[in-house]
Amino acid sequence: MAISPAAATALAVALAALCLAAPAAGFYLPGVAPNDFEKKDPLQVKVNKLTSIKTQLPYSYYSLPFCKPDTIVDSAENLGEVLRGDRIENSPYTFEMREPQMCQIVCKISVGEKEAKVLKEKIEDEYRVNMILDNLPLVVPIQRMDQEGAYFYQHGFHVGAKGQYAGSKDEKSFIHNHLSFTVKYHRDAQRDVSRIVAFEVKPYSVKHEYEGQWNDKKTRLTTCDPHAKRIITSSDSPQEVEVGKDIIFTYDVDFKESDIKWASRWDTYLLMTDDQIHWFSIVNSLMIVLFLSGMVAMIMLRTLYRDISKYNQLETQEEAQEETGWKLVHGDVFRPPSNSDWLCVYVGTGVQFFGMLLVTMVFAVLGFLSPSNRGGLMTAMLLLWVFMGLLAGYSSSRLYKLFKGAEWKNIALRTAFTFPGSVFAIFFFLNALIWGQKSSGAVPFTTMFALVLLWFGISVPLVFVGSFLGFKKPAIEDPVKTNKIPRQIPEQAWYMNPIFSILIGGILPFGAVFIELFFILTSIWLHQFYYIFGFLFLVFLILIVTCAEISIVLCYFQLCSEDYLWWWRSYLTSGSSAIYLFLYATFYFFTKLEITKFVSAVLYFGYMLIASYAFFALTGTIGFYACFLFTRLIYSSVKIE
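Being a predicted model, the structure only gives us computed values, none of them experimental.

Rules used throughout
- Residues numbered from 1 in each chain as written.
- Predicted model: local features only at pLDDT ≥ 70, side-chain atom pairs only at ≥ 80, totals over all residues.
- Heavy atoms only, no water.
- Helix = DSSP H or I, 4+ residues; strand = E, 2+ residues; numbered from the N terminus.
- Buried < 20%, exposed > 50% of the residue type's maximum accessible area, 1.4 Å probe, protein only.
- Phe/Tyr/Trp six-rings, centres within 6.5 Å; stacked < 30°, edge-to-face > 60°.
- Lys NZ or Arg CZ within 6 Å of the ring centre and 35° of its normal.
- Disulfide = S-S within 2.5 Å.
- Salt bridge = Lys/Arg side-chain N within 4 Å of Asp/Glu carboxyl O.
- Axes fitted to C-alpha atoms, helices over the stretch in contact; angles between N-to-C directions.
- Parallel < 35°, antiparallel > 145°, perpendicular 65-115°, else oblique.
- Left-handed = near helix turned anticlockwise from the far one by under 90°.
- Contact = heavy atoms within 4.5 Å.
- Nonpolar A, V, L, I, M, F, W, Y, C, P; charged D, E, K, R; others polar.
- Polar contact = N/O pair within 3.5 Å; in protein donor to acceptor, adjacent residues only side chain to side chain.

(A) Focus on the side chain of S173. Here S173 is to be found in strand β10 (residues 171-175). We classify S173 as buried; its relative accessible area is 5%.

Listed below in structure tokens is the structure:
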């Protein structure tokens, strides 16, 4: 399991060349067939959930008093979309391809007390409206301050804004009731058809006025008039949210030809402006790996080679009695640990996670997880987790048989229920909180039933099948015999204290991933795209190597101190990086997020607790298997009388 510095460097360079040539820049396979539109073809805008980075509670678009179509139609959603809180519905906004429209009236609504209250709340919490056209999300282009002519794209537009009238100190709520859409298209001159490549908006707050009687969409507005070429370019006279006042919703739509081809239309959304930070992250992580690889190489090549040669040359009884170091505990090193059943369960869970993440990342790096398939990543991970139950059952029962266990069904049952059961309990509690807030993020009963069906109908049986297959195989033979009477462990130095060494061991694996972790947290909680799977895959490989090497180094020091209780310690050493992950998530909450509501804070820490628990199982299992292979390797290399 040990990797020399040269091998680690070669591995990293090869993977960097392989993974980062395209995927790091946002490589993906489109995943859906393009739609060709002729001139005047109808374009139907769909609306999605309202989102806020301040509350993290999504709401359906029509929970606010917006204009509604004659009949509201829900779009079919996959499992991942439902879990994300997506609620995609039709809208009254309809365009005709390459037919610009100016100042089109959508509807007029009267604001009562209830409507004013809910609008003001959503404006206060900085909620954004999300729309979709031809499977592309609506974005607001915002000029970058550091680069001239460069833009970054904000998901959706804000429901409204807080502001003050000139000469007044009272803060009022203003609604964005005029939307200036821009649809960019790529035209095929030969066939005279177009494909949509961008969907942008500039929102304005305008207190509309009109002449004569209100006549729905035929009313002639004085604030913007297509006949007089009077267009809206600012929010100088904004529309305040007031009880008893009317709000008129309007829109413009402009069509612009673009050189961007349909296959590259997501590039603007996925544009990575901070790739230097990611490279810094990779270099930082590689330095940690090289340092650890050097230590492991030194142990394997110098210390162990010298130790094994010395032990194998011992001839006299006197010399044998003067043995010191790791060989001295050969009769106890493979003694089953206390609570060995639970170790088997957690190792099986870690293997399940490892398999799920590895397959997901390989598919993501190859470009199969297209961003146009909303919820695809979450659906894929859920299904992979369920099917990896086979590996979980197999690995836990193989280890259980090594420990001379006989009740394989008991281990299979615990493996199938321990981690998913505790996560489901937390998830159910958080879902009840979301339900209490009447948020669209609450998972419906039917979806909850589908999740339970996946768990009990597929995952649990597969764990039992895996356990049966693993237990049927012959037990793994220990390289040395175990003494009947346990050896007394001598008093240890302070730095070999289990708690101290375990906490120290978790720092380096966390250090290898924490920069990438920042971008992952930002994509989840600040609603930004994360599509740099090339970098993530490389960081994942570095995490594997780091967890393995830190566990081997500390395991060797522990055995040299004649402490043979390495089974649980090897798991906890690298697994303790989950503590640092949760501490970093807490730091991120207080420094980067503006969450003020108690329910939102509980949601954040609940989900981060689940993530940390999963990270513990993953990293702990990597560290355990590294030590498992390391101890078998060194004890099979020496002659035991």
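(B) Looking closely at the packing of aromatic side chains. Across all of its chains, the model carries 53 aromatic pairs by this definition. Measuring from ring centre to ring centre gives 5.6 Å for W385 and F419, while their planes differ by 50°; the resulting arrangement is tilted. Within this pair, whereas W385 is found in helix α8 (residues 376-387), its partner F419 is found in helix α10 (residues 408-436), the two being separated by 34 residues in sequence. With relative accessibility at 13%, the residue W385 sits in the buried group. Each ring, one from W567 and one from F628, has its centre 6.2 Å from the other, and the planes form 45°; the classification is tilted. Within this pair, whereas W567 is found in helix α15 (residues 567-575), its partner F628 is found in helix α17 (residues 598-635), the two being separated by 61 residues in sequence. Considered together, W567 and F628 belong to a single accessibility category, that of buried residues. By way of ring pairs, the aromatic residues Y346, F353, W385, F419, W568, Y571, Y613 and F616 are connected into one cluster. Note that K122 overlies the ring of Y59, its terminal NZ or CZ placed 4.3 Å from the centroid. The ring of W342 has R414 sitting right over it, with the charged end atom 4.7 Å from the ring centre.

(C) Quick peek at the state of the cysteines. A complete count under the given rule lists two disulfides for this structure. In this model C67 forms its disulfide with C107; the gap between the sulfur atoms is 1.9 Å. The sign of the S-S torsion, about -80°, decides the handedness of the disulfide formed by C67 and C107: left-handed. One end of the pair, C67, is in the loop between β1 (42-51) and α2 (79-84); the other, C107, is in strand β3 (residues 101-110), with 40 residues separating them in the sequence. Owing to a relative accessible area of 3%, C67 belongs among the buried residues under this scheme. With a sulfur-sulfur separation of 1.5 Å, C103 is cross-linked through a disulfide to C224. Pair noted here: C103 is in strand β3 and C224 is in the loop between β12 (193-204) and β13 (246-257), with a separation of 121 residues, a long-range link.

(D) Here's a closer look at the pattern of salt bridges. Enumeration according to the criterion identifies 19 salt bridges in this entry. Its salt-bridge partner being R84, residue D86 comes within 3.0 Å of it at the nearest N-O pair. With relative accessibility at 0%, the residue D86 sits in the buried group. The class for R84 is partly exposed, based on a relative accessible area of 36%.

(E) Representation of the packing of α15 against α17 in the model. Closest axis-to-axis distance for the α15/α17 pair is 7 Å, and the angle between their directions is 135°. Accordingly, the angle class assigned to the pair α15 and α17 is oblique. The two elements α15 and α17 cross, and the hand of that crossing is right-handed. Where α15 abuts α17, its residues W567, S570, Y571, L572, S574 and G575 lie against F616, A617, T619, G620, T621, G623, F624, C627 and F628. Here the residues of the contact of α15 with α17 sort into eight nonpolar, seven polar and no charged.

(F) Seen up close, the side chain of T415. Mapping T415 onto the fold places it in helix α10. Taking relative accessible area as the criterion, T415 reaches 1% and is therefore assigned buried. One polar contact links T415 to S396, side chain to side chain, over a distance of 3.4 Å. T415 has contacts with V345, T349, A392, S396, P420 and V463, leaving out every residue within four places of it along the chain.

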